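Observations on the three-dimensional arrangement
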Amino acid sequence: MLALGFSANTISLLALVLAIGIVVDDAIVVVEAVEHILEHEPNLTVAEATEKAMGQVTGPIIAITLVLLSVFVPTAFIPGITGQLYKQFAVAVSFSMIISAINALSLSPALCSLILRHKKKPTGVMAWMQGGIDKGRDGYVRLVTPLTRRAFIAIVLVAGFVLGTGGVGALVPSGFLPDEDQGAFMAELQLPDAASTSRTIDALNQVEGLIVGKPWLQSIFTVSGYSLLDGLAQSNRALVIVALKPFAERKAANLSVFAALAEVNAATQQVSAANVFAFNLPPIMGLGNSSGFEFQIESLGGAPPSELAQVARGMMLGAQNVPELSHVFTTYGASTPQIFLKLDRERAQALGIQISDIFSAMQTALGGTYANDFNLFGRTWQVKIQAEADERKKIDDIFRVRLRSSSGELVPLQAVADIQLITAPGSVVRYNNLRSVTMQGAPAPGYSTGQAIAAMEKLAKETLPSGYAYEWTGTALQEKAAAGQTGFILGLALVFAYLFLVALYESTAIPIAALLSVSVGLFGAMLALFLTGLDNNIFAQIGIVVLIALAAKNAILIVEFAMEERAHGKDIVTAATTAATIRRVSGSSSSPSNSRAIQAGTEAPHMAENFAALSAQLRGEGALGAWLLAPDARGQLTAALTNANALLTSTDTNLAVLTGELAKSLENLAGITSNLHAQVNANTNLVREVSDAIVHADELMQGLKRHWLLRSAFREPKTNAAPSAPAVPLRAPNDPFRR
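The following paragraphs examine the structure supplied in this document.

Scoring rules and cut-offs
- Residues numbered from 1 in each chain as written.
- Predicted model: local features only at pLDDT ≥ 70, side-chain atom pairs only at ≥ 80, totals over all residues.
- Heavy atoms only, no water.
- Helix = DSSP H or I, 4+ residues; strand = E, 2+ residues; numbered from the N terminus.
- Buried < 20%, exposed > 50% of the residue type's maximum accessible area, 1.4 Å probe, protein only.
- Contact = heavy atoms within 4.5 Å.
- Areas by Shrake-Rupley, 256 points an atom, 1.4 Å probe, with all protein chains shown as cover.
- Axes fitted to C-alpha atoms, helices over the stretch in contact; angles between N-to-C directions.
- Nonpolar A, V, L, I, M, F, W, Y, C, P; charged D, E, K, R; others polar.
- Salt bridge = Lys/Arg side-chain N within 4 Å of Asp/Glu carboxyl O.
- Patch = residues over 30% accessible without salt bridge, like charges linked within 9 Å, V, L, I, M, F, W, Y side chains within 5 Å.

Quick look at the overall build of the chain
- If you tally the helices and strands in the chain, you get 21 helices and 15 strands.
- In the chain, buried positions account for 38% of the 739 residues.
- Counting contacts in the chain only where the partners sit at least 6 residues apart, residues at least 24 apart contribute 73% of the total.
- In the form shown here, the chain has an accessible surface area of approximately 41,100 Å², with 60% of it arising from carbon and sulfur atoms.

Rendered as structure tokens:
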């Protein structure tokens, strides 16, 4: 901001507050990814876990940064004063996002490797908090899972949120900038036209006495004979500037500037000598003289001032019956006493007198004219020609001015001019080169400036006669100019975010899924504005732009996680529900062949133990016992051998499959290893594939080992018993169970 010349104002400070949250969120993503790996892979060191986590979250962080920049940067190119406000916000947030990405990709992993440690399960308050978070997550998953299986319902809900956003947004009143407590306010006094300065000072002292002693007052400053609203020096005008106490001493609501304005406007109603208008400072200094709105009534046909004053008075009286308007007034008046000199131009021409000579003579006699300079006593003196003060005090003194004609004779002014006493405005105001009247006003409590502007326009259409028009100026003009830019700004942010996501995912459908969640956030924002009674002003629009960026950010994380789960073979529903529960990229899942190997390796030892126990039991019975128990044992052994035969057949099949997969894995491992020597420093993804291949091969080797153990369990045991008695065979030579 310093490099671009921006100040630390409300907009830039708001941007910094939001930027803090965005920067922290990127760091949280990195920390959560590292903690997840430390929790599920305790054999890794902290440095190894950090390195693995950064390999998973680097891509999403870069994508999020680019998308957020695509939302904020275009708002900096909006024209007008609205664009200036957005520019300060966009610049602050954009630079903060870039710094946030650099921090998340450099400083955050370094701190994780230094600070994080393998930790036990939380206890006490932390366990209670973690349990609450887990319950909330599980409840969210239970809510999301049915929607993932019923796409039609989800589409209907999204459409409902879109329509609801438009409907609620139409009910939210519009605004430009909210009135703020800037620690001061002003008041204007207007006495009848041509009132003397002494009368103005008396009324000013009365108003000052009503303000002095208030609990919110710090100091008061008064100016007599000056109008801030009109910018004129007039004897019947006065200005009051009131400074309030510091904010630390005005924490109560009844000490705010709004309460002070209401109190002053109510108290000054008892001042009968003058009209007193107390008003707040404008939201942006220099954009108007007061808060509220400025309304210009224009005469298209050059109506006389008296008619203009009458039309303005009718508008002011009509505004008192409009509930959206408050303190609508005008300082325009057409009853100031004036002396009108009516010239007979034809007679002056006949007498050989130039019109310019008439004005020059009156200026010299009544006002004074600079003649020249002369040096005397070491100084330079000016020579001014002017009549004596006693010779220009009365109206009739004007006729004592004489004019020289073209023949050289002196002609009295009375011969070509006549004096008339009239009433006229103290000043003539022109707007767009048309005679106009300036009206001041403010929205009534509970209404926004947008509603007040709409009510004033409706009143003008009903009240203004033909030949008159109206214009807006000051903050109201800027609000009207910015009114049609809200939709354009939001649409521009969405379009740029969509284009960046299309480039990121190389798909036109996936970004739609990521951005549809924005409609839910917009509906919540509009609903919050409606329920709290706030208006949709510049601050709200800036917040909505931030909301679009953050909603897109969370959607990008979920989409990234879901795509990662899909790449590991999970179906769409499972991938979506799994992604909804996490905020870091999941680790790689086992392939189907790995699962089969692990399952076979798990079941085989149990079967081998059962058959080994049965063989030991048969051997322990002895030959005679086995012969005596032959009928029962034969049936048990027949069933056991049948199961064993089926198990061996399945084992042979699985063994062949696993052997083939092991050979393929070893071939892949050899190819990857050869490429690894050339690209080990440039391709981290290849390192991950090598690691997965090694894990795969190790799992297959374990499964193969277990299957070989299973086959060994069914080999005939060697017996060393002495042949003291003939052995009784359990089977006949051609017994089908002899295997």
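Don't stop here, the text continues.
Details of the packing of helix α3 (residues 80-105) against helix α4 (residues 107-115)
- Interhelical geometry of α3 versus α4 gives an angle of 35° and a closest axis separation of 3 Å. Taken together, the residues of α4 that come into contact with α3 (itself represented by I102, N103, A104 and L105) are L107, S108 and P109.
- For the contact of α3 with α4, the residue count by class is five nonpolar, two polar and no charged.

Focus on the pattern of salt bridges
- Tallying each qualifying case throughout the model produces eight salt bridges.
- Across the pair D230 and R237 runs a salt bridge whose closest N-O atoms are separated by 2.8 Å.
- Judged by its relative accessible area of 29%, D230 falls in the partly exposed class.
- In this structure R237 comes out as buried when scored by relative accessible area, which is 3%.
- Within the structure, one salt-bridge network assembled from shared partners comprises E188, D230 and R237.

Quick word on a nonpolar patch on the surface
- Residues I62, L66, L105, V495, F496, L499 and F500 make up a contiguous nonpolar surface patch of about 560 Å² in total accessible area.
- Residue assignment for the nonpolar patch shows that the elements contributing at least two residues are α2 (46-72) and α14 (485-505).
- Counting residues per element, the nonpolar patch draws most heavily on α14, at four residues.
- With respect to the helices and strands, L499 occurs in helix α14.

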